[in-house]
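Residue-level listing of the chains:
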Amino acid sequence: MRLLAIADLHASHPPNRAAIEALRPHPDDWLMLAGDLGDRPEQIEAVFALLAERFARVIWAPGNHDLWSLPTGAGNLRGEALYAHLVALARRHGVRTPEDPYEVFEHPSGPVLIAPLFLLYDYSFRPAHVPLEGVIAWARETANVCADERYLHPDPHPTRAAWCAERVRLTAERLETRAPALPTVLLNHYPLKQAHAVLPAAPRFTPWCGATLTEDWHRRFDARAVVHGHLHIRKTRWTDGVPFQEVSLGYPRQWDQALGIEAYLREVRLAAPRL
């Protein structure tokens, strides 16, 4: 039994969708999905249905594309209402979400608590000289404004940053109540640390990549691994002895379609157990 992970499947693109459908069964393995399964609820549910049949357990943390409200999607659901709808779709297929009890994975090196997170971003991943109120104009100077500004709505919260603050508060409170002796694997769409949000091709996109509120979560919540996507740059960084693993597939041009998705499933690396 292995703990596998992938992110940014982007099933709205036909080559990605075909590759997902061609994925072989993994009846003994758990799969962590770090968001951006599709752009519309029907695409996301199709991914849930297929992967739930092929893995022993599927665990999902939502990405920004998952929460887009496109003009013809899901009866114009927005914000929290859309998120609740996606949670219901996941549960229909037995997929675990950030709203479900955290589950224990029996890793050969010791049990770990799998914690899918839904945290969003608050524009704090920006240079010190850029004020919050000027961050979008700063990104627009290099055409790096995220499409979330059109499609990801925070209703009923006044802003995405306010929704992020609420999600961070609720999630931290929940993680604080876990069994203290049980280490975690933190699954989030966005990187938890600003230093990991490095995008050489789009350096001013970082405000849409996370929140500095989570900088210490790998220590605070005894993580043996952090898994995320969003950047479309597959990489593992070690910080404080913890592996931070970006596990995205990406858009069709960003992966070798001849290899299939199987080659991009990543077995989650864990830090050594603490003595």
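Going by the structure above, here's the rest.
This one's a predicted model, so the numbers in the text were calculated from it and none came from an experiment. (Residues numbered from 1 in each chain as written. Predicted model: local features only at pLDDT ≥ 70, side-chain atom pairs only at ≥ 80, totals over all residues. Heavy atoms only, no water.)

**What about the sheet that holds strand E3 (residues 55–60)?**
Then, in step 1: Within the open sheet, the four strands sit side by side as E3-E2-E1-E10. Their pairing is mixed. Every interior strand has two partners, whereas the edge strands, E3 and strand E10 (266–267), have only one.
Then, in step 2: Relative to strand E2 (residues 26–33), strand E1 (residues 3–6) runs parallel, the two being bridged by four bridges. Bridge assignment links Ile 6 to a residue of E2, and that residue is Leu 33.
Then, in step 3: Packing of helix H2 (residues 41–54) onto the sheet brings it into contact with E2 and E3, and relative to E3 it is tilted by some 140 degrees. (Pairing = 2+ DSSP bridges. Helix = DSSP H or I, 4+ residues; strand = E, 2+ residues; numbered from the N terminus. Contact = heavy atoms within 4.5 Å. Axes fitted to C-alpha atoms, helices over the stretch in contact; angles between N-to-C directions.)

**Quick word on the environment of Pro 71**
Then, in step 1: By the secondary structure assignment, Pro 71 is in the loop between E3 and helix H3 (79–92).
Then, in step 2: The class for Pro 71 is exposed, based on a relative accessible area of 66%.
Then, in step 3: Along the chain, Pro 71 and Tyr 151 lie 80 residues apart, while their C-alpha atoms are 8.8 Å from each other. (Buried < 20%, exposed > 50% of the residue type's maximum accessible area, 1.4 Å probe, protein only.)

**Quick look at the side chain of Lys 193**
Then, in step 1: Relative to the helices and strands, Lys 193 resides in the loop between strand E6 (184–187) and helix H7 (217–220).
Then, in step 2: Apart from residues no more than four positions distant in its own chain, Lys 193 is found in contact with Phe 125, Glu 215, His 218, Thr 239 and Phe 244.

**Regarding the pairing of E6**
Then, in step 1: The alternating pattern of E6 places Thr 184 and Leu 186 and Val 185 and Leu 187 on opposite faces, both of which are buried.
Then, in step 2: Relative to strand E7 (residues 223–228), E6 is paired through four bridges, and the arrangement is parallel. Across the sheet, the residue bridging to Val 185 is Ala 225, located in E7.

**Some details on the layout of surface pockets**
Then, in step 1: Considering only enclosed or pocket space, the largest pocket measures out at about 430 Å³ in volume.
Then, in step 2: Along the wall of the largest pocket there are 21 residues; nearest its centre are Phe 205, His 230, Leu 231, His 232 and Tyr 251.
Then, in step 3: Looking at the lining of the largest pocket, its residues break down into 12 nonpolar, five polar and four charged.
Then, in step 4: Quantified by volume, the second largest pocket comes out at close to 200 Å³.
Then, in step 5: Lining the second largest pocket we find 15 residues, and of these Asp 222, Arg 224, Ala 272, Pro 273 and Arg 274 sit closest to its centre.
Then, in step 6: When residues of the lining of the second largest pocket are traced back to their parent elements, those giving at least two are strand E5 (110–116) and E7. (1 Å grid on protein atoms, 1.4 Å probe; cavity = no way out; pocket = protein on both sides within 12 Å on 5 of 7 lines; lining within 4 Å. Points joined across faces, edges and corners; volume = space filled by probe spheres on them. Nonpolar A, V, L, I, M, F, W, Y, C, P; charged D, E, K, R; others polar.)

**Focus on H3**
Then, in step 1: With 14 residues, H3 should cover 20 Å at 1.5 Å per step; its first-to-last C-alpha distance of 20 Å lies within 8% of that length.
Then, in step 2: When we look at burial in H3, the residues that qualify are Gly 79, Leu 82, Tyr 83, Leu 86, Val 87, Leu 89 and Ala 90. The arc that holds the buried residues of H3, viewed along the axis, is 160 degrees, so those residues lie on one side.
Then, in step 3: Where H3 is buried, its residues meet H2, E3 and helix H6 (160–176).
Then, in step 4: In the segment just after H3, Gly 94 is the residue with positive phi, at about 75 degrees. (Expected span 1.5 Å × (residues − 1). Arc of directions from axis to C-beta.)

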